Amino acid sequence: MAMMEEGARSCLLQSRSSLEQDIRASYLMDHMISDGVLTGDEEDRIRSKPTRKEQAAALLELLLRKDNQAYISFYNALVRESYGDLASLLHNSLPLVSPEAEKSFSDGGTRYVQAVLSEGGVPQRPVVFVSRPALVNRVREKLYRLQKEPGWVTVFGMAGSGKSVLAAEAVRDHALITECFPGGVHWLSVGQLDRSDLLVRIQSLCFRLEQQSQEKDPSSSLHRPPGSLEEAKERLRFLMLRRYPRSLLILDDIWDSSVLKAFDIQCRVLLTTRDRSLADCVSGSKSEVAVESGLEEDQALEILALYVNGKPQRLPEQARSIVRECKGSPLVVSLIGALLREFPDRWAYYLHTLQQKKFKRIRKSSSYDYDALDQAMAASIQVLSEEHRELYIDLTVLEKDVKVPAKVLSVLWDLEPEEVEDVLQDFVNKSLLFRDCHHRPYLYYLHDLQLDFLAEMNRSGLESLHTKVVCQYQQRYSQGPPTSGDEECLYWFRFLTYHMAKANLTQELCSLMFSLDWVRTKAQIMGPAHLINDYVEYGTILDKEVRGHFQEFLSLNGHQLEQRPFPDVVQLALSQPDSSEVYRQALLQAQERATRGGLYLDWVNKSSLKSLSRLVVQPHQGSIYSACFSHDGTKIASCGSSKTLRVFKSTSGEKLLEIQAHDDEVLCCAFSPDDHLLATCSSDRKVKVWNVERGTLMRMFEDEHEEQVNHCQFTNTLRRLLLATCSNDKFMNTKNTMFGHLEPVNHCCFSPDDAYLSTSSSDGTLKLWEVSSANEWKSIDVADMFPEQREQTEVMVKCSTWSADGRTIICAARNAVFVFDVETAAMLLEIRTSRLSTVQYCHACPSSNLVAIALSHYAVELWDIETSKKMADCSGHLSWVHGVQFSPDGSLLLSCSDDQTVRVWETKKVHTSSAVCLKRDSDVLFNNGDITVRGLGWRHTHIHTHNDALQMTGECVVLEGHKEQVRCFSLLTTTPSSETHLLSWSFDGTIKVWDMSSGELLQDLVCHQGAVLACDVSPDGQLFATTSADKTAKVWSSASWECVRLLDGHQDCVRSCRFSWNGRRLATGDDNGEIRLWNVKDGTLLKICSRDNKDAMDSLHGGWVTDLHFSPDNTVLLSTGGYIKWWNVEKGEALQTFYPTGANLKRIHVSPDFSTFVTIDNIGILYILKKVE
């Protein structure tokens, strides 16, 4: 291997101490791996060092043994990670590397290139192809610049100019791929997308990349699809930097800057677009190539010559006139060429048609003139037979950027698939339709301009065309929707609602979308994201109340609907409120299925869990990113993706003011101390101050920040009115600019006395600044609170909030909230939420010890930081909660969300009603249909009963003898004496048998090498079973006190056991969620429940198997863990699953007839479940 130049090596040695002191190796290695100068094994060795400084030293030591390319990659990584001062130390010694752009280009016609492009989904060359070498070479020259570092190459031009063909041709080069993109080339067609469709596209890309990676490396595993755009962006970033380093991502047909931001992941990107300025919104090096709107005359003539199998010099004069008439548009030239191939003597006719036909111009949101395409399209359609022309007009109903299989059109046209394929072949031959040959069966699609033309031409008949689609579908699938999961099935589930809405078939749309059967089938095939999007998109058409029922059901159960095996939707829906249409349909279906032997459980006491929100307001059409109370508590301001600022009354939601505030998303708003002013900040990099009364702009700051402004806040008093803002440009403004963070600053907050300002950053730190001097006072490394994760991914500190007395500061990062002492910077308290959720925001109550936490799983939690206890769960939002804030007096709490709502809660009501929750230790008495539950609350004992005549008398006998904690006890009636003894089992590994009258220890059995976790006595009292942390279960004789069966095979602690009522079977459950059924007579294993249903993200049972019960007829087994399951004993198959709101169920109480089940989850919710009859 070539050695590093001596000058570069010497510079590294001289700068070594400075570099070791400051760099964070984990941040730099991502880029070096992507550049191909560092291997995964080398990264692992460096990460194994215990401290940051030792990791930095190991990286530098490795670097000194590498070549010039490693030096350059290290330098570029320093620049990208904002170590500019350190990079300057190395700059003068950068080695000289010859420019790769001077290398000659190959024709790309190698098998290797074809394999790479085919695997990456790059479109093939068109059948008629004319090279544009000057443009291709310009694109390749820009792409060679990406060899050393990530960046963006933008290919822009008007519609129909051939941008996509040019992008595909540019990467059809052997030298380019092997030298610059050995990790491959990955093509993604984008188009115009909303957030949910964008998420689906990125999910599809990630799945394809992971699938290809698994084919190359079988040890790698597939992950569940990302559940949010943020998660999808991080997954794609990981794949591109780690699994596909030095690869190229091609984004075809980008329209929107917000879409492009989702791919700002520091990789190599080639994008095609009509908007030259789109790349301004992303970071990294950028270059661009302009594509002329039309071909050169000789190129256009060459295309026409290829279509008619002639030579350009021999074409008639009308050929040049046609090229001039259509302005050299590649698409129009191809359309006319395809017509001439069928009728080569019609040169004069098509020229005359183009010259004489006067079509209405297509009005779009851009300024492009589509006249030439209109004329070509009309001429093309006219040559179709009348029958085919009618069929082609039917294609007007297709959505843009959607490819359909022939089977969809077979339904629409009521023709045999073979006939449809013949028709489509005719359309393809005439360039009226495009075919994607990468799929089998083929998929067909129209160009955007062709669809625009058809839509304009058939404007008055669109509704009837969509009606035809719906009617044909209903006729074909009168017995139920297709469930094959193929491309045709996916099309109908994705677009049937679209066609109904466009056809104005409101009744049919409501009937479909308010059907639990449709919800179940579509969720199973496509997941819940598209369903939720349908309810949002067609919300104005649907009944508001019923739409809310279904949308809330899907939002609260979306994570369950992503699971495989797919859950029982009817059972999930039975947990909805009794007033919900979802519950009503579920109950009817459950009752009908119960008559056929189905098992369903109704949560009969769920009505006690009501929404505690006081006011729900929908102030914007779009996500709400920020909301705040005025200082007098009478008003609320909100802002979000709609680019507007709105002020409304906190009591009624009545609108007081609405302003079109910014040119991009408004990320934050804040009242001044006297409530006369409102500040807003935005992705457009501007900060504005508004007069609240008049709604007028008082001042605008547009030069202070270079990137989007994330947060703004006024001081708390008018003593010295300041406005603080922070941005992605890594510094923060008050009166002065404060530098110090190495990554974007997400949030800033004044202390109660305005003496200090706290800032939260993506660099993993929380910094405190002196306001008077603008100097950094303290820095807290919050990333150190995640030692097991910080080197894998960045730790982003989302926000901070001060306690009312200013002595503590609270910040949020990942799934945790930390409380620090301001003076000592010592951590006082840590609050960890669900591992599957992240904390979006937190705010401290100004009048109590409460802190409100906004979570990504749609919830708001209240915690008491004095007692370290969660005091309330505020449920109701249907999407991510972005912000929470207490009113100035602490009496109210507001929350804002992606679900377009602001909810106002009464703090006292939520606090007191939610504080009384039960612990999981409880007892239940079933008495002739009455249920008495005795449960321990956090502070009190609660008894829920229909009969409160409970009495207990007698004397107490103390039994002493166990050396460690006693796990539990049970009664044992021995034979033949029929004496009743007490069995107790303990963490000391023993079972002790006691005389209940005298307290005498009768037997002391050393049962296991580990703790005894469970014990159960057989119904006849002759046997008892024990389970242990030593991963075994044993069966004992109560006559001889000897072990008669050793049951091994579990791979984890065996936590529960239960004999069947006939004593023939024993069920055991372990901490891996596995349940085993044993033959008691000979100790043989009969069944293992759920072995093949293990989810990669979870145990078999969502947690430990904590309790087991057989039905009286011994045919059904009940188990509890993270959720509750019922099993068929003979088959070992699950019959039903109930998912509680919380998790980690400890035990369950079962009525004698096995029809009622009572348990309590880890957040204190009581569940009384009854079988649906």
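This text goes with the structure placed above it.
Heads up: these notes are all about the structure in this document. These numbers were taken from a predicted model, which means no experiment stands behind them.

Right, let's talk about the side chain of His1149 for a bit. Of note, His1149 is situated in strand β57 (residues 1148-1150). For His1149, a relative accessible area of 6% puts it in the buried group. Sequence-distant contacts of His1149, that is, excluding residues within four places in its chain, are made with Ser922, Asp923, Val924, Phe926, Thr1156, Phe1157 and Val1158.

What follows covers helix α25 (residues 487-502). If you check α25, its first and last C-alpha atoms are 22 Å apart, about what 16 residues at 1.5 Å a residue would give, namely 22 Å. When the local axis directions of α25 are compared, the greatest deviation, roughly 45 degrees, occurs at Phe495. When α25 is considered as a whole, its buried residues turn out to be Glu488, Cys489, Tyr491, Trp492, Phe493, Phe495, Leu496, Thr497, Tyr498, His499 and Met500. Positive backbone phi, approximately 60 degrees, marks Asn504, located one or two places after α25.

Glancing now at the packing of aromatic side chains. For the structure shown, the criterion picks out 20 aromatic pairs. With centroids separated by 4.9 Å and ring planes inclined at 40 degrees, the aromatic side chains of Tyr491 and Phe495 adopt a geometry described as tilted. Within this pair, Tyr491 and its partner Phe495 are both found in helix α25, separated by four residues, close to a single helical turn. Relative to Phe820, the ring of Phe818 has its centre 6.2 Å away and its plane inclined at 35 degrees; by these criteria the two rings are tilted. Relative accessible area serves as the criterion here: at 0%, Phe818 is assigned to the buried category. Since its relative accessible area comes to 0%, Phe820 is described here as buried. Put simply, the rings of Tyr473, Tyr477, Tyr491, Trp492, Phe495 and Tyr498 touch in pairs and so form one group of aromatic residues. Lying across the ring of Tyr445, Lys403 places its NZ or CZ 5.1 Å from the centre.

On to the sheet that holds strand β51 (residues 1075-1079). Taken in spatial order, the four strands line up as β49-β50-β51-β52 in an open sheet, and their pairing is antiparallel. The strands lining the two open edges of the sheet, one partner per strand, are β49 (1054-1059) and β52 (1085-1089). Averaged over all pairs of adjacent strands, the angle between strand axes in this sheet comes to 20 degrees, irrespective of strand direction.

Residue placement: Asp197 occurs in helix α12 (residues 195-216). Here Arg494 takes part through its side chain, which lies 3.1 Å from a polar atom of the side chain of Asp197. Filtering out sequence-adjacent residues up to four positions away, Asp197 remains in contact with Arg494 and His530.

Contact geometry of α25 with helix α26 (residues 506-513) gives a least axis separation of 8 Å together with a crossing angle of 155 degrees. It follows that α25 is roughly antiparallel to α26 by the angle criterion. Once α25 is placed against α26, the crossing between them reads as left-handed. Of the residues in α26, those touching α25 at Leu496, Thr497, Met500 and Ala501 are Glu508, Leu509, Leu512 and Met513.

What counts, and at which threshold
Residues numbered from 1 in each chain as written. Predicted model: local features only at pLDDT ≥ 70, side-chain atom pairs only at ≥ 80, totals over all residues. Heavy atoms only, no water. Helix = DSSP H or I, 4+ residues; strand = E, 2+ residues; numbered from the N terminus. Buried < 20%, exposed > 50% of the residue type's maximum accessible area, 1.4 Å probe, protein only. Contact = heavy atoms within 4.5 Å. Expected span 1.5 Å × (residues − 1). Bend = angle between axes of the 7 residues up to and from the residue. Phe/Tyr/Trp six-rings, centres within 6.5 Å; stacked < 30°, edge-to-face > 60°. Lys NZ or Arg CZ within 6 Å of the ring centre and 35° of its normal. Pairing = 2+ DSSP bridges. Axes fitted to C-alpha atoms, helices over the stretch in contact; angles between N-to-C directions. Polar contact = N/O pair within 3.5 Å; in protein donor to acceptor, adjacent residues only side chain to side chain. Parallel < 35°, antiparallel > 145°, perpendicular 65-115°, else oblique. Left-handed = near helix turned anticlockwise from the far one by under 90°.

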